[in-house]
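Here is how the chains run, residue by residue.
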Amino acid sequence: MDKIEQALLRTTDTKRLLLGSGVLEKVPAMFADLFAGQTALVVADAHTWRIAGERIDTLLRAAGIPVETPFIFTDPDLYAEWGYLEELEVRLRDTPAIPVAVGSGVINDLTKLASGHLGRKYMVVGTAASMDGYTAYGASITFEGNKQTFSCPAPYGMVLDGNIAAKAPAGMSASGYADLIAKVPAAADWMLADAVAAEKIDSFSYALVQDGLKETLAAPDRIAAGDSAATAKLAEGLIMSGFAMQALQSSRPASGLEHQFSHYWDMDNLCYRGKHVSHGFKVGIGTLVSTACLEFLLETDLPAIDAQACAAAWPTLPQLETRIRALFAGKSGHLSRALVETRDKYVDAEGVFRQIRDLQAAWPGLKARIRAQLYPFDELKEKLRAVGAPYEPEMIGVSRERLRDTFRRIPYMRSRFTCIDVLQRCGLLEEMEHRLFGPGGHWEV
Ligand SMILES: [Zn+2]
């Protein structure tokens, strides 16, 4: 049994996946198999209609499947926003047809949530290897100006044709590559969370993401050159990450500290040159920061840390909340989230003592595993450059000062335990900040 079949046994929503060159022609067979006797309705935008949607619509009709008039978003600035979702929902309410989403992140997320709201299954034909959200449960939609994740089932079936994804607009594969390389430090974060019993490693979903990961990531130049086999491999890695999240009903297998930077900038509505910055590009910069944090941790003599002294210096929850209120002054949306997430993650002084002792006990083996897991900072940066992804914060419109401000607030933004929590508990955050932004640091301010 291959990896895809094994994964499909554990996924809760997705029943079929077809991945390869020329598989677009097999969409009608999959549709007939999953939705026997039902009507199809292609959802696309003007671009994805041209490159694949129209062909799929024709193929479905030729196969004798009843097909409704397609729904094509015409707005050139289409993004995953609530208004567009409502437009699609209104259309789908009129018909029992099964949506066939043709596109990448935006079209998939809009169709996923609209279908979820109507309690209807759908399938997706991916047109780019741009992120790992295709097969994840939940959709990322901007509602009242804030990007939020809404819970809804993943697609029932998915098709991705490497020939089409390889020709996606510039930057899409690079964005997917950055989202995939994030899984390297994310695994190290999970190892740390496992060691302190904050979140145990689930070996199945861990392996689904990590097995073969480095081989896929070894070819950034081929992906940049539009090689369809390398792009299909990238898509497979991303889709497996989605399956891992489905299997565990958590984004932990695919997301660590690096994603927290992306989520933070989502809340800021980060734009560069008038356009929203892609998920992968934000995550790529976060991956550089988290790798730097993990490298610092590896250089630290953790067993020599005085756990008793760290516990004595650890703030109470009210003290921490006072600190957070000062840090987030003037940012009320971020503040309310920070208070909730920090409360969820909080352990008292005794808990901090225990966590540090657990890490110290595990350290010799853990340190070796983390070292073997990571790409060194410079190699990571070079890979991002080679694939055509941003590798300096300024390339996504984030100044060094802004990156430093984000770094200071990140420890409070998510209840998920990562390397930054280890640094905080060990009293090393200031030193870390100095290494990143001080004289001679990666991003000297
Ligand atoms: Zn991601």
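Computed from a prediction, not measured in an experiment: that's the story for all the values here.

Student: What exactly am I supposed to notice about the nonpolar core here?
Tutor: Note on soluble globular proteins: their nonpolar side chains tend to be buried together. If you look at the biggest cluster of nonpolar residues, it comprises 125 residues, and the most contacted ones within it are Phe73, Leu192, Trp265, Ile370, Leu403 and Phe407. With 10 residues, helix H14 (residues 279-299) is the single largest residue contributor to this core. Apart from the residues within four sequence positions on either side, Phe407 is in contact with Phe261, Val289, Cys293, Ile420, Leu429, Met432, Glu433, Leu436 and Phe437. Residues Leu24, Phe31, Leu60 and Val159 belong to the second largest nonpolar core, which totals 23 residues.

Student: Mind showing me how you'd approach the packing of helix H16 (residues 317-327) against helix H17 (residues 332-345) here?
Tutor: Two quantities define a packed helix pair, namely the angle between the helix axes and the distance between the axes. At a minimum axis separation of 10 Å, H16 and H17 run at an interaxial angle of 155 degrees. Regarding the angle of H16 to H17, the classification is roughly antiparallel. As for how H16 packs across H17, the hand of that crossing is right-handed. Contacts between H16 and H17 involve Leu317, Leu320, Glu321, Ile324 and Arg325 from the first element and Leu335, Ala338, Leu339, Thr342 and Arg343 from the second. Each residue belonging to the contact of H16 with H17 can be placed in one class, and the counts come to six nonpolar, one polar and three charged.

Student: Any chance you could explain the environment of Ser21 here in plain terms?
Tutor: You can see Ser21 is positioned in the loop between strand E1 (16-20) and helix H2 (27-34). According to the relative accessible area criterion, Ser21 is partly exposed, its value standing at 49%. The spatial distance from the C-alpha of Ser21 to the C-alpha of Gly162 is 4.9 Å, given a sequence separation of 141 residues. Looking at Ser21, its side chain comes within polar contact range of the side chain of Asn163, at 3.5 Å.

Student: What's the story with the coordination of the zinc ion in this structure? I'm lost.
Tutor: Donor atoms from the polypeptide that bind the zinc ion are Asp179 (OD), His259 (NE2) and His279 (NE2), placed at 2.1 to 2.2 Å. Sequence positions of the residues that donate to the zinc ion give the spacing D-x79-H-x19-H. Taken together, the residues Asp179 in helix H7 (residues 172-181) and His279 in helix H14 connect sequence positions 100 residues apart.

Student: Got a minute to help me understand helix H4 (residues 82-93) in this structure?
Tutor: For the α-helix, the turn length of 3.6 residues means that residues three or four positions removed from each other point alike. Helix length check: H4, at 12 residues, gives a terminal C-alpha distance of 16 Å against a target of 16 Å (1.5 Å per residue), a fit within 8%. Among all positions in H4, only Trp82, Tyr84, Leu85, Leu88, Glu89, Arg91 and Leu92 are buried. Where H4 is buried, its residues meet strand E2 (40-45), strand E3 (71-73), strand E4 (98-103), helix H5 (105-118), strand E6 (139-143) and strand E7 (146-150). With a side-chain oxygen lying 2.8 Å from the backbone nitrogen of Gly83, the N-terminal cap of H4 falls on Glu81.

Student: I tried to follow the environment of Val277 on my own but got confused; where do I start?
Tutor: Looking at where Val277 falls in the secondary structure, it is placed in the loop between strand E10 (275-276) and H14. Residues Val277 and Glu401, 124 residues apart in the sequence, show an inter-C-alpha distance of 18 Å. Dropping the residues within four chain positions of it, Val277 is found in contact with Leu270, Cys271, Tyr272, Lys282 and Ile396.

Student: So what exactly am I meant to see when it comes to the sheet that holds E4 here?
Tutor: Two orientations exist for strands paired in a sheet by backbone hydrogen bonds: parallel and antiparallel. Read from one edge of the open sheet, six strands run E1-E8-E5-E4-E2-E3, paired in parallel fashion. In the strand order of this sheet, the two ends are held by E1 and E3, each with one partner. Looking at each pair of strands side by side, their axes are set apart by 15 degrees on average, direction ignored. In terms of strand pairing, E1 meets strand E8 (residues 157-161) through five bridges, oriented parallel. Residue pairing for E8: Leu18 is matched across the bridge by Val159. Contacts from helix H3 (residues 46-62) reach E2, E3, E4 and strand E5 (123-126) within the one sheet, and its direction differs from that of E2 by about 165 degrees.

Student: Explain unusual backbone geometry here, please?
Tutor: Glycine aside, negative phi is the norm for most residues, and most peptide bonds take the trans geometry. Unusually for a residue other than glycine, Gln249 sits at a positive phi of about 55 degrees. Within the secondary structure, Gln249 sits in the loop between helix H12 (228-248) and helix H13 (257-267). For Asn269, which is not a glycine, the phi torsion comes out positive at approximately 60 degrees. Tracing the backbone through its elements, the reader meets Asn269 in the loop between H13 and strand E9 (271-272).

Thresholds applied
- Residues numbered from 1 in each chain as written.
- Predicted model: local features only at pLDDT ≥ 70, side-chain atom pairs only at ≥ 80, totals over all residues.
- Heavy atoms only, no water.
- Core = buried A, V, L, I, M, F, W, Y, C linked by side-chain atoms within 4.5 Å.
- Buried < 20%, exposed > 50% of the residue type's maximum accessible area, 1.4 Å probe, protein only.
- Helix = DSSP H or I, 4+ residues; strand = E, 2+ residues; numbered from the N terminus.
- Contact = heavy atoms within 4.5 Å.
- Axes fitted to C-alpha atoms, helices over the stretch in contact; angles between N-to-C directions.
- Parallel < 35°, antiparallel > 145°, perpendicular 65-115°, else oblique.
- Left-handed = near helix turned anticlockwise from the far one by under 90°.
- Nonpolar A, V, L, I, M, F, W, Y, C, P; charged D, E, K, R; others polar.
- Polar contact = N/O pair within 3.5 Å; in protein donor to acceptor, adjacent residues only side chain to side chain.
- Donors = N, O, S within 2.8 Å, 3.2 Å for Na, K, Ca; no water.
- Expected span 1.5 Å × (residues − 1).
- Pairing = 2+ DSSP bridges.

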